[in-house]
Every structure is written in structure tokens, then in C-alpha cells.
Amino acid sequence: MQIFNLRKSLLAFFVVGILASFMIVNAPKNQVSATDIPRPFVKNVTKNQLSATDIPTLYVKSDGHNFAYRILGTGRPLLLIQRLRGTMDDWDPLFLERLAQNHQVILFNNTGISSSNGKVASTITDMAVDAEHFIKALGYEQVDILGWSLGGMVAQTMAIKYPKLIRRVVLVASTAPGNPEFVPVSQAFKDIAVKENYTDEDHLKMFFANSSNSRKLGLESLQRIKKRTTDIEPLVNTDSWKTQFSAAIGWFENKENYFNKLKLIQQPILIATGRYDIALPIQNSYVLEREIPQAQLMIYPDSAHGFHHQLPIEFGDAVNNFLVQK
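The paragraphs below set out a description of the structure included in this document. Counting of residues starts from 1 at the beginning of each chain's written sequence and follows it residue by residue. Reporting of local features is limited, given that this is a predicted model, to residues whose pLDDT is at least 70; pairs of side-chain atoms are given and counted only at 80 or more, and all residues count toward the totals for whole chains, interfaces and linings. Only hydrogens and water are set aside when side-chain values are computed; all heavy atoms of the structure are taken into account.

**Digging into the overall build of the protein chain**
Along its length, the protein chain carries twelve helices and nine strands. The rule is simple: take the accessible area with a 1.4 Å probe, protein chains only, and divide by the maximum for that residue type; under 20% is buried, over 50% is exposed, in between is partly exposed. Every one of the 326 residues in the protein chain was classed for burial, and the buried ones make up 60%. The Shrake-Rupley method, run with a 1.4 Å probe sphere, supplies the accessible areas, and residue values consider only the shown protein chains as cover. Looking at the protein chain as shown, the accessible area adds up to about 13,500 Å², and 52% of this sits on carbon and sulfur atoms. The helix count covers DSSP runs of H or I at least four residues long, the strand count covers runs of E at least two residues long, and both are numbered beginning at the N terminus.

Dropping the structure here:
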């Protein structure tokens, strides 16, 4: 299927990146149920030890870039890669704290984003290279990664380019490169996403389902995010997010033939999305699951592009359960 109006339709999606029950959808090659995934040992941790709203912003230099980052928790390192226009401040603190019960959670702004200096990379490949430089600058030899939306594209690229560095991958509401069956962003999403600034109502419409329960949980997530009062990250400027968007266009046009390279990914991959995602409908996740050999797909009901913020405990546990495996 040819992608209709690719550039116009994708502009809105990339302006923003966009449980408790859930359903796991798998092809016959990977029949997995929630009870098959071993539960990790979770230490009793006090609230003061896991306060995502209080962790300080640090900086590390690599290849001439000064990366801003934060670290929460201890254990195997887990790098989180943000959506377009997202900063470290745009993760739900409760989701971060759940992940940090089992991992050393690493947040960062990639090159040129918010408080990280430099110029934003013009391709998804170069964004992945910058992220690899950041990981190496911190001294890690192997990490797990979780990428949301645009961050999921960077995560796929890293899995392909750096198979020894990347152990396991979680793709949150993302899609495949040059997806021939791409289901485009909805008009409702586009109408909001082109705005210069977003209200709480805009945020709810873009990232949460149109139900009273999803909206309620979405508003609670927003309130948690707003609790941070120190080291507030600057908003991503217009030139930077436009460069991100241009890089994403190249990803969707499959200029570097990444679609065929998906079959080369050998790491276990957890793909997850919300059933009512109006930015990247669930059909796009089906393609990812089909093309990646060791992938499994989880679809969360009554949720959308920000399902992990709507259900931070449920999905945080699902991620922990997946990553605890060797």
C-alpha cells in the first residue's frame, strides 16, 4: 500500500511523540502469555529513594556534545529515549519510579534537545549514533533501551547497528521504517499537533483515549509530571523539532533500507501500544511484530499513544517482567 500524503500526515505525528487489564497479541512464532514471563524480585524501596521529581540533572561530554541526563535507581541500566519534542521532564514520574525498582533508569536529552547542546541530528541514524556516544561516555558496555514513538525509531536503529551494546528493547507506540502498510495519523491528532503550545486538554486528546476513565488517568499523569519544580527543562525549540521531523520523514521513506533490516534484529523486543492510538494506530505495531524475529506485542485497551503514562504501574511491571529475562 502506498503511503498517502506521507509528509503532510506525518507532520502532526512527529510534532509530539505521542493497565488494569491488557491483551498480548503474538504471531504463532512467539506464543507468550503474561504468566509465562518470570516476575522479578522487587526490593522494598522507600519513596525518598525513588523520587523521580527530585533527581538532579547531570552532564557528560562526548564527541563535543554536552549531554544532559538523570539517573534513578540501581541495577541493570535501562536507557529511555523520548518522543519528538519531548524532554526528560515529559516522562511520568510514577512510571520512572516503577522501572527504577529493578533498574538503573537513565533519562537524557539527545544532542541539541532542550538543555543538551549541539545541533539536532538530521537523520534517525545519526540520532542513534549520538545516543551510542552518550552511553559510551557514561561507561556502559551493555544496556537495555526503551523508546517512545520517535524514540522507538531510534531504538530500532540502535538494535540493528549495535547488537552487542543493546541487550533488550522495548518499543512504546512506535512503527516500522518505510512501513508499506502504514496507517496514517488521524485528522483529530493533526489539528492539535500543529499548535505552538498545548493545553492540558490538548494533551489528553493526543495521548489518551476518549473515555472518562482514560481522561481521568491522563489528567492524573499530567499532575504528576507537573510536580517537578527544580531543574526544569527548556521546551524544545521550533528549529530542533522541525529537524527531528525531517529525520523522521527519511525514516518513513526508508532511505537507508531499514525495513528489510528489521529481520536482522536478534535481540528480544517488546512492542506495546494503546488500542485507540490516534497518532500511530495499532495496525502499525502489527507490522513491527511481524517483521522482527523475536518480538511480542502487547495491546492495552481503553488507552492511546500515552498508555504507559495512563497505566504506569501495570506497564512498568510488564517492562520489568520482560527485561528480567536473560
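Let's pick the thread back up.
**Notes on the packing of helix H3 (residues 124-137) against helix H4 (residues 150-161)**
Here, axes are lines fitted to C-alpha atoms. For helices the fit covers the stretch in contact, and angles between N-to-C directions go from 0 to 180 degrees. Packing of H3 against H4 leaves a shortest axis separation of 9 Å and a crossing angle of 75°. The angle between H3 and H4 places the two elements in the roughly perpendicular class. Facing Ile124, Thr125, Met127, Ala128, Val129, Ala131, Glu132 and Ile135 of H3, the residues of H4 in contact are Leu150, Met153, Val154, Thr157, Met158 and Lys161. Classification convention: Asp, Glu, Lys, Arg as charged; Ala, Val, Leu, Ile, Met, Phe, Trp, Tyr, Cys, Pro as nonpolar; all other residues, Gly among them, as polar. Looking at side-chain class alone, the contact of H3 with H4 contains ten nonpolar, two polar and two charged residues. Note on angle classes: values under 35 degrees are labelled roughly parallel, values over 145 roughly antiparallel, values of 65 to 115 roughly perpendicular, and the remainder oblique. The criterion used for residue contact is that any of the two residues' heavy atoms lie within 4.5 Å.

**Some remarks on the packing of aromatic side chains**
Here is the rule: rings of Phe, Tyr and Trp (six-membered ring for Trp) pair when centre to centre is within 6.5 Å. Planes less than 30 degrees apart are stacked, more than 60 are edge-to-face, and the remainder are tilted. Inspection of every chain in the model, using the stated rule, returns twelve aromatic pairs. Measuring from ring centre to ring centre gives 5.6 Å for Tyr300 and Phe315, while their planes differ by 90°; the resulting arrangement is edge-to-face. Within this pair, whereas Tyr300 is found in strand E9 (residues 295-300), its partner Phe315 is found in helix H12 (residues 312-323), the two being separated by 15 residues in sequence. The exposure class of Tyr300 is buried, given its relative accessible area of 0%. Taken together, the ring pairs in this structure connect Phe67, Tyr69, Phe108 and Phe134 into an aromatic cluster. The ring of Phe322 carries Arg168 above its face, with NZ or CZ at 4.7 Å from the centroid. Only lysine NZ and arginine CZ atoms are considered, and such an atom sits over a ring when it is within 6 Å of the ring centre and within 35 degrees of the ring normal. Sitting above the plane of the Tyr258 ring, Lys261 keeps its charged end 4.9 Å from the centroid.

**Remarks on the side chain of Thr57**
Tracing the backbone through its elements, the reader meets Thr57 in the loop between strand E1 (23-25) and strand E2 (58-62). The exposure class of Thr57 is buried, given its relative accessible area of 13%. Here a polar contact is recorded for every N or O atom pair within 3.5 Å, except that within protein the pair must consist of a potential hydrogen donor and a potential acceptor, and residues adjacent in sequence are included only if both atoms are side-chain atoms. Among the polar contacts listed, one links the side chain of Thr57 to the side chain of Arg70, at a separation of 2.9 Å. Once you skip the residues sitting within four places of it in the chain, Thr57 turns out to touch Ala68, Tyr69, Arg70, Met88, Arg228, Asp231 and Glu233.

**Some points on the pairing of strand E7 (residues 166-172)**
Side-chain positions along a regular strand alternate between the two faces of the sheet. By the criterion of burial, E7 is predominantly enclosed, with seven of the seven residues buried. The crossover handedness rule: strands pointing away from the viewer, path from first strand over the helix to second strand clockwise, crossover right-handed. Where the polypeptide runs from strand E6 (residues 143-148) across H4 and back to E7, its parallel neighbour, the crossover connection is right-handed. Two elements, E7 and strand E8 (residues 269-274), share four bridges in a ladder whose sense is parallel. Counted as the bridge partner of Val169 is Ile269 from E8. Pairing between strands is defined by DSSP: at least two bridges between the two strands are required.

**Digging into helix H7 (residues 212-225)**
Taking 1.5 Å per residue, 14 residues should reach 20 Å; H7 reaches 20 Å between its end C-alpha atoms and fits that length. The set of residues buried in H7 consists of Ser214, Leu217, Gly218, Ser221, Leu222, Arg224 and Ile225. Taken around the axis of H7, the buried residues stretch over an arc of 160°, which confines them to a single face. Along its buried surface, H7 packs onto helix H2 (93-99), helix H6 (200-207), helix H11 (307-310) and H12. Helices are assigned an expected span. That span is 1.5 Å times one less than the residue count. In this context, the arc is that of the directions from the helix axis out to the C-beta atoms.

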